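Summary of the model geometry
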Amino acid sequence: YGSIVPVTASEIAFGTLDLEILNPAIIMDDGDSGFTASAGFHHWDKAGHQGDLRYANVTEVETATWQFTGLSRGEYQVWTTWPLDGSARPTNAAYTITNADGAQPPVLVNQSLFPSDFDDGITKWKDIGFWRVTGGTLGVGLTSDADSPWVIADAIRIQNVADIPVAVDDVL
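Residues numbered from 1 in each chain as written. Predicted model: local features only at pLDDT ≥ 70, side-chain atom pairs only at ≥ 80, totals over all residues. Heavy atoms only, no water.

1. Describing the overall build of the protein chain
Applied cut-off: Elements are defined by DSSP. Helices are runs of H or I of four residues or more, strands are runs of E of two residues or more, and each kind is numbered from the N terminus. Partly exposed describes any residue whose relative accessible area lies between the buried limit of under 20% and the exposed limit of over 50%, with all areas from a 1.4 Å probe on protein chains only and scaled to the type maximum. Pairs of residues are marked as contacts when any of their non-hydrogen atoms sit within 4.5 Å. To be clear on the numbers: accessible area is Shrake-Rupley with a 1.4 Å probe, and residue cover counts the displayed protein chains and nothing else.
When its secondary structure is counted, the protein chain shows 1 helix and 14 strands. The buried share of the protein chain, taken over its 172 residues, is 36%. Summarising the internal contacts of the protein chain: among those between residues at least 6 apart in sequence, 74% fall at separations of at least 24. Of the roughly 10,000 Å² that the protein chain leaves accessible, carbon and sulfur atoms contribute 55%.

Following this line, the structure appears as structure tokens:
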């Protein structure tokens, strides 16, 4: 296979490299277009991703939804985030993903702990799974039906992590 030849530092040329991010992350905050919430999810501008969040008490069932559209076909990783401030938080906040396969079983998230699965340098995130997108849309829902107040609806981060080939079932 040849031999390994040492190279001195003076023989290495340094330059610039342009990188293109092929599948950038998409973050939808609670104030962005595509986010909706029932009246019981109240706005709070003292913490959260981009400085604000929504919160709901568990005494009434409230809903928040992040609806992503115009997505390319693929498998998406989904994360959520929330801040902690010492107030009571649920151990079973129910996030429901809706994709071309319909509403999926809820993913229960412990909002009494800091999200710690991923840190993008700005926000810490909790992974809530990998989900197929074949029809261009992905919905993430959150309900206040939980074991302890306060349920937090802040931001959702998604990223296309794998291509999905077109299957016969998808075109029939």
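Don't stop here, the text continues.
2. Overview of the sheet that holds strand β11 (residues 124–133)
Inclusion rule: In short, DSSP must find at least two bridges between two strands for them to pair.
Strand order in this open sheet of 5 strands is β1-β14-β6-β11-β10, and the pairing throughout is antiparallel. In this open sheet, the two edge strands, each paired with only one partner strand, are β1 (26–29) and β10 (118–119). Looking at chain direction, strand β6 (residues 74–81) and strand β14 (residues 155–162) are connected through 7 bridges and run antiparallel. Paired with V78 across the bridge in β14 is I158.

3. Things to note about the packing of aromatic side chains
Our working rule: Between rings of Phe, Tyr and Trp, where Trp is taken as its six-membered ring, a pair exists when centres lie within 6.5 Å; planes separated by under 30 degrees are stacked, by over 60 edge-to-face, and by other angles tilted. Look at NZ for Lys and CZ for Arg. If either is within 6 Å of the ring centre and within 35 degrees of the ring normal, a charge sits over the ring.
With the rule as written, the count across this model stands at 3 aromatic pairs. One cation-aromatic arrangement involves R157 over W79; the distance from NZ or CZ to the ring centre is 4.6 Å.

4. Describing the confidence of the model for the protein chain
The condition is simple: pLDDT measures the predictor's confidence residue by residue and takes values from 0 up to 100.
The share of residues in the protein chain with pLDDT of 70 or more is 84%, and the mean pLDDT across the chain is 88. This model gives residues 1–7 a pLDDT under 50, and the stretch forms 1 contact once residues within four places in sequence are excluded.

5. A word on the environment of D147
Short version of the rule: Identification of polar contacts relies on pairs of N or O atoms within 3.5 Å, with a donor-acceptor requirement for protein atoms, meaning one able to donate a hydrogen and the other able to accept it, and with residues adjacent in sequence counted only if both atoms are side-chain atoms.
You can see D147 is positioned in the loop between β12 (138–143) and β13 (151–153). Taking relative accessible area as the criterion, D147 reaches 44% and is therefore assigned partly exposed. Each C-alpha atom, one on D147 and one on N92, is 6.5 Å from the other, the two residues being 55 residues apart in sequence. With near-sequence residues (within four places) excluded, D147 lies in contact with P90, T91 and N92. A polar atom in the side chain of D147 sits 2.4 Å from the side chain of T91.

6. Concerning the side chain of R157
Note the cut-off: This count recognises Lys and Arg as positive and Asp and Glu as negative, with His and chain-terminal groups excluded. We count a salt bridge whenever a side-chain nitrogen from Lys or Arg sits within 4 Å of a carboxyl oxygen from Asp or Glu.
In this structure, R157 sits in strand β14. Lacking a salt bridge, the buried R157 has D120 as its closest oppositely charged neighbour, with an N-O distance of 4.0 Å. Among residues more than four places away in sequence, those in contact with R157 are A25, I26, I27, Q77, V78, W79, F118, D120 and W125.

7. Concerning the side chain of N160
With respect to the element layout, N160 can be found in strand β14. Here the side chain of N160 touches S72 through a polar contact of 3.3 Å, side chain to side chain. At 3.2 Å, the side chain of N160 and the backbone nitrogen of A162 are in polar contact. Contact partners of N160, with chain neighbours within four places excluded, come to N23, S72, R73, G74, E75 and Y76.

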